[in-house]
Amino acid sequence: DVKVTQSSRYLVKRTGEKVFLECVQDMDHENMFWYRQDPGLGLRLIYFSYDVKMKEKGDIPEGYSVSREKKERFSLILESASTNQTSMYLCASSSTGTGGEKLFFGSGTQLSVL
Amino acid sequence: AQRVTQPEKLLSVFKGAPVELKCNYSYSGSPELFWYVQYSRQRLQLLLRHISRESIKGFTADLNKGETSFHLKKPFAQEEDSAMYYCALSPRNTGKLIFGQGTTLQVKP
């Protein structure tokens, strides 16, 4: 069974801090994604990656960056956290060419920025 | 613009009643459409995709290109269907998903 693991379930940070959210998948998937989930807004794509060292901006990349140095790991970085980045962050992965749109999600990281 | 709209934030029905969760999309090409579900304290997971034309847990969804809709239906709701449901669209050959705002389905006993 595919496992997508996010390093923290809950995280509390202060405004201006640099924040790292980590995600690891164990199924050798090519594609990895970061979404944020907000009530009434659904899931919005922040960044995604099709391969190691490759990244593409999603719909709301401002204030975020990502890193994919290894195939199994995709990190989301908040360069200077702000209160409007308080949200649930979901990582997902998928395999190209076999119904790539079947995304496997992690359990999420609830980030609070104070 | 590529967009998915789920007009209802909350849909509340009684057990045994029919359910229809609405989804409308905006996309210039031939869309690939999906329904994802998140049960309480569980991960978001794929429920069904239009290309498979399948029925999962009694749910079906038909793509109506004329009305640009992909509504999710079930003839008789069960309490265990209570969850958050997201409609999603995948632009061709991108591998990414654009999600709607989500609809909470509440099935009352």
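In the block above lies the structure referred to throughout.
Residues numbered from 1 in each chain as written. Chains lettered and ligands numbered in written order. Predicted model: local features only at pLDDT ≥ 70, side-chain atom pairs only at ≥ 80, totals over all residues. Heavy atoms only, no water.

### Some remarks on the overall build of chain B
Heads up, the condition is: Strands are runs of DSSP state E lasting at least two residues, helices are runs of H or I lasting at least four, and both sets are numbered from the N terminus onward. Only the C-alpha atoms count toward the radius of gyration. The rule for a globule is 2.2 Å times the residue count to the power 0.38. The classification of residues rests on relative accessible area computed with a 1.4 Å probe and restricted to protein chains. Under 20% of the type maximum is buried, over 50% is exposed, and intermediate values are partly exposed. Contacts: residue pairs with any heavy atoms within 4.5 Å of one another. Note on areas: Shrake-Rupley, 1.4 Å probe, and residue coverage restricted to the protein chains presented here. A residue counts as positive if it is Lys or Arg and as negative if it is Asp or Glu; His and the chain ends are not included. Just so you know, the charge point we use is NZ for Lys, CZ for Arg, CG for Asp and CD for Glu.
Helix and strand counts for chain B come out as 0 helices and 11 strands. Tracing chain B from N to C terminus, the helices and strands come up as β-β-β-β-β-β-β-β-β-β-β. At 13 Å, chain B has a C-alpha radius of gyration in line with the 13 Å of a compact globule built from 109 residues. With the C-alpha coordinates aligned to their principal axes, the bounding extent of chain B is approximately 40 × 30 × 25 Å. Counting only residues that meet the buried cut, chain B has 47% of its 109 residues in that class. Long-range contacts, defined as pairs at least 24 residues apart, comprise 59% of the intrachain contacts of chain B with a sequence gap of at least 6. In the form shown here, chain B has an accessible surface area of approximately 5,500 Å², with 48% of it arising from carbon and sulfur atoms. Once the 15 positive and 9 negative side-chain charges of chain B are each reduced to a mean point, those two points are 6 Å apart.

### A word on the pattern of salt bridges
Definition in use: What counts as a salt bridge is simple: a side-chain nitrogen of Lys or Arg found within 4 Å of a carboxyl oxygen of Asp or Glu.
In the structure shown here, the tally under the stated rule is 9 salt bridges over all chains. Across the pair D28 of chain A and K71 of chain A runs a salt bridge, and its minimum N-O distance is 3.1 Å. On the criterion of sequence distance, the pair formed by D28 of chain A in the loop between β4 (23-25) and β5 (31-38) and K71 of chain A in the loop between β8 (64-70) and β9 (73-78) is long-range, its members being 43 residues apart. Among the residues examined, K71 of chain A registers a relative accessible area of 25% and is labelled partly exposed. Between D81 of chain B and K74 of chain B there is a salt bridge; the shortest N-O distance is 2.9 Å. Just as D81 of chain B is buried, K74 of chain B falls in that class too. Here the salt bridges share partners, and the residues they tie into one network are R36, D38 and R44 of chain A.

### Some details on the state of the cysteines
Applied cut-off: Here, the term disulfide refers to a pair of cysteine sulfur atoms separated by no more than 2.5 Å.
Enumeration over the complete set of coordinates arrives at 2 disulfides over all chains. The disulfide bridge from C23 of chain A ends at C91 of chain A, spanning 1.9 Å between sulfur atoms. With the S-S bond torsion at -80°, the cross-link from C23 of chain A to C91 of chain A turns out left-handed. On the criterion of sequence distance, the pair formed by C23 of chain A in strand β4 and C91 of chain A in strand β10 (residues 87-94) is long-range, its members being 68 residues apart. With respect to burial, C23 of chain A and C91 of chain A carry one shared label: buried. Each sulfur in the disulfide pair C23 of chain B and C87 of chain B lies 2.0 Å from the other. With the S-S dihedral at roughly -65°, the linkage between C23 of chain B and C87 of chain B falls on the left-handed side. Here C23 of chain B is found in the loop between β3 (19-21) and β4 (24-26), whereas its partner C87 of chain B is found in strand β9 (residues 83-90), with 64 residues between them in sequence. Like C87 of chain B, C23 of chain B is buried.

### Focus on the sheet that holds strand β8 (residues 72-74) of chain B
Residues and elements named next belong to chain B. The condition that has to hold: What makes two strands pair is DSSP finding at least two bridges between them.
Read from one edge of the open sheet, 3 strands run β3-β8-β7, paired in antiparallel fashion. The open sheet has two edge strands with one neighbour each: β3 and β7 (60-61). Bridge count for β3 against β8 is 3 bridges, and the pairing is antiparallel. Pairing of V19 across the sheet is with K74, part of β8.

### Focus on the packing of aromatic side chains
Basically, it comes down to this: Aromatic pairs are defined between Phe, Tyr and Trp rings, using the six-membered ring for Trp, whenever the two ring centres lie within 6.5 Å; interplanar angles under 30 degrees are classed as stacked, those over 60 as edge-to-face, and all others as tilted. In this scheme, the term charge over a ring applies when either NZ of a lysine or CZ of an arginine sits within 6 Å of the ring centre and within 35 degrees of the ring normal.
One pass over the full model with this rule turns up 11 aromatic pairs over all chains. Among the aromatic side chains, those forming a connected cluster through ring pairs are F33, Y35, F48, Y50 and F105 of chain A together with Y36, Y86 and F99 of chain B. Sitting over the face of the ring of Y10 of chain A, R9 of chain A holds its NZ or CZ atom 5.4 Å from the ring centroid.

### Considerations on the interface of chain B and chain A
The following threshold applies: Here the quantity called buried area is the accessible surface, traced with a 1.4 Å probe, that two parts lose on coming together, added over both. Under this definition, polar contacts are N or O atom pairs within 3.5 Å; protein pairs additionally need one hydrogen-donor-capable and one acceptor-capable atom, and for neighbouring residues in sequence, both atoms have to be side-chain atoms. Residue polarity is assigned by list, with Asp, Glu, Lys and Arg as charged and Ala, Val, Leu, Ile, Met, Phe, Trp, Tyr, Cys and Pro as nonpolar; anything else, Gly included, falls into the polar class.
Listed per partner, the contact involves 18 residues of chain B and 21 residues of chain A. Buried surface at the junction of chain B and chain A, both sides included, amounts to about 1,700 Å², of which 53% is carbon and sulfur. If you look at where chain B meets chain A, you find 0 salt bridges. At the junction of chain B with chain A, the criterion picks out 6 residue pairs in polar contact (both at pLDDT 80 or more). Mapped by element, the contributors of at least two residues to the side of chain B that touches chain A are β5 (32-38), β6 (45-49) and β9 of chain B. Counting residues per element, the side of chain B that touches chain A draws most heavily on β5 of chain B, at 4 residues. Taken together, the residues of the side of chain B that touches chain A sort by class into 7 nonpolar, 6 polar and 5 charged.

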